[in-house]
Amino acid sequence: MGKQIVRSADSVGANIAEGHGRYNCQDNQRFVRIARGSLNETRHWLRLDGARNLLTPEQSDRLHPLLNELSPKLNAYINSLKQKAKG
């Protein structure tokens, strides 16, 4: 399960980077949406790890705020890309 968390968390940054490297705003939006899905997957794995006591409460308490902070930032980035595509 630890490897799956690492993969999904790494996928967030990798998809943002790949989307940024695209010169088409729609492609960029698509990759950022995929990143958002990977973020939700990471959240899922962390919930399971916590429920199974694979993480200490301290570890979980450190990680969840980071994910909760990133989620609205990804949404704001997607919205800014939509605005950029319109104008």
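For the structure given in this document, a descriptive report is provided here.

Reading guide: rules and limits
Residues numbered from 1 in each chain as written. Predicted model: local features only at pLDDT ≥ 70, side-chain atom pairs only at ≥ 80, totals over all residues. Heavy atoms only, no water. Axes fitted to C-alpha atoms, helices over the stretch in contact; angles between N-to-C directions. Helix = DSSP H or I, 4+ residues; strand = E, 2+ residues; numbered from the N terminus. Parallel < 35°, antiparallel > 145°, perpendicular 65-115°, else oblique. Left-handed = near helix turned anticlockwise from the far one by under 90°. Contact = heavy atoms within 4.5 Å. Nonpolar A, V, L, I, M, F, W, Y, C, P; charged D, E, K, R; others polar. Core = buried A, V, L, I, M, F, W, Y, C linked by side-chain atoms within 4.5 Å. Buried < 20%, exposed > 50% of the residue type's maximum accessible area, 1.4 Å probe, protein only.

All right, on to the packing of helix H1 (residues 2-21) against helix H2 (residues 25-51) then. Axis separation between H1 and H2 bottoms out at 8 Å; the angle between their running directions is 165°. Between H1 and H2, the crossing angle belongs to the class labelled roughly antiparallel. When the axes of H1 and H2 are compared, the crossing they make is left-handed. For the pair H1 and H2, the contacting residues are Gln4, Ile5, Ser8, Ala9, Ser11, Val12, Asn15, Ile16, Glu18, Gly19 and His20 in the first and Asn28, Phe31, Ile34, Ala35, Ser38, Leu39, Glu41, Thr42, Trp45, Leu46 and Asp49 in the second. Here the residues of the contact of H1 with H2 are counted per class, giving 10 nonpolar, 9 polar and 3 charged.

Counting residues in hydrophobic clusters, the biggest one holds 13 residues, and the most contacted among them are Val32, Leu39 and Leu46. For this core, the elements supplying multiple residues, two or more each, are H1, H2 and helix H3 (57-86). No other element matches H2, which puts 6 residues into this core.

Further remarks concern the packing of H2 against H3. Interhelical geometry of H2 versus H3 gives an angle of 165° and a closest axis separation of 10 Å. In terms of axis orientation, H2 runs roughly antiparallel to H3. Considering only the axes of H2 and H3, their crossing is left-handed. Within the contact of H2 with H3, the residues separate by chemical class into 13 nonpolar, 7 polar and 6 charged.

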